[in-house]
Amino acid sequence: MEITIVLFKHGTVDEYNRLKGEFWDERFHPIIRAFLLDLGLFTVRMFDKQLVVTSVFRSEEENGAIGGVPGSSHCDWRAADVRSSVFTDTERLAILEYAKRYGSLIHFIYEVGGTGAHFHANVNKSALIRLGL
Ligand SMILES: [Zn+2]
């Protein structure tokens, strides 16, 4: 049986192909990719809902244009955003709780405001250095 764990935002075909390509790009940090696949397995198993990835890489220009923080982890392939609106409040809390098992390695937050509510995940640079990764 084949299980789809992670989906990609269907904006235009180009946007979809870009997101999917970035998610599997060798520059995308393997720890953040593994985290998202694990989290996706959790949401499929618990809620029968897949994660929808809405953003992976951003150039500094793209990041500036949407009001992202300078030096964002999206600009060095350590971050991804995930759609939160498909989940209920209870599910969102369970997702945040699940992500805590990654400790300081993964920064995972429910962001509201700015570009709209979503989950943001990034692999923590200082944790990588501490772990010699
Ligand atoms: Zn983000």
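Residues numbered from 1 in each chain as written. Predicted model: local features only at pLDDT ≥ 70, side-chain atom pairs only at ≥ 80, totals over all residues.

A. The arrangement of helix α2 (residues 30–47) in detail. For α2, spanning 18 residues, the distance from its first C-alpha to its last is 25 Å, which sits close to the expected 26 Å at 1.5 Å a residue. Buried within α2 we find Ile32, Phe35, Leu36, Leu39, Gly40 and Thr43. Down the axis of α2, the sector holding all buried residues measures 135 degrees, keeping them to one side. Turned more than 90 degrees from where α2 packs its buried face, Pro30 and Arg45 sit exposed. Next to the buried residues of α2 lie β1 (6–8), β2 (51–55), β3 (79–83), α4 (89–99), β4 (106–111) and β5 (118–123). (Helix = DSSP H or I, 4+ residues; strand = E, 2+ residues; numbered from the N terminus. Expected span 1.5 Å × (residues − 1). Buried ≥ 20, exposed ≤ 12 C-beta atoms within 10 Å, placed from the backbone. Arc of directions from axis to C-beta. Contact = placed C-beta atoms within 7 Å.)

B. Looking closely at the nonpolar core. Within the largest apolar cluster, 21 residues are counted, with the highest numbers of intra-cluster contacts made by Ile32, Leu36, Val53, Ala80 and Ala121. Looking at this core, the elements that each hand over two or more residues are α2, β2, β3, α4, β4 and β5. Top element by residues in this core is α2. It accounts for four residues. What Ala121 contacts, discounting residues up to four positions off in sequence, is Ile32, Phe35, Leu36, Ala79, Ala80, Val82, Ile106 and Phe108. (Core = buried A, V, L, I, M, F, W, Y, C linked by C-beta atoms within 7 Å.)

C. The packing of α2 against α4, seen in detail. One can describe the packing of α2 onto α4 by two numbers: an axis separation of 11 Å at closest approach and a directional angle of 140 degrees. The orientation of α2 with respect to α4, classified from their angle, is oblique. Helix-helix and strand crossings are classified by hand; for α2 and α4 the assignment is right-handed. On α4, the residues touching Leu39, Phe42, Thr43, Met46 and Phe47 of α2 are Glu91, Ala94, Ile95, Tyr98 and Ala99. (Axes fitted to C-alpha atoms, helices over the stretch in contact; angles between N-to-C directions. Parallel < 35°, antiparallel > 145°, perpendicular 65-115°, else oblique. Left-handed = near helix turned anticlockwise from the far one by under 90°.)

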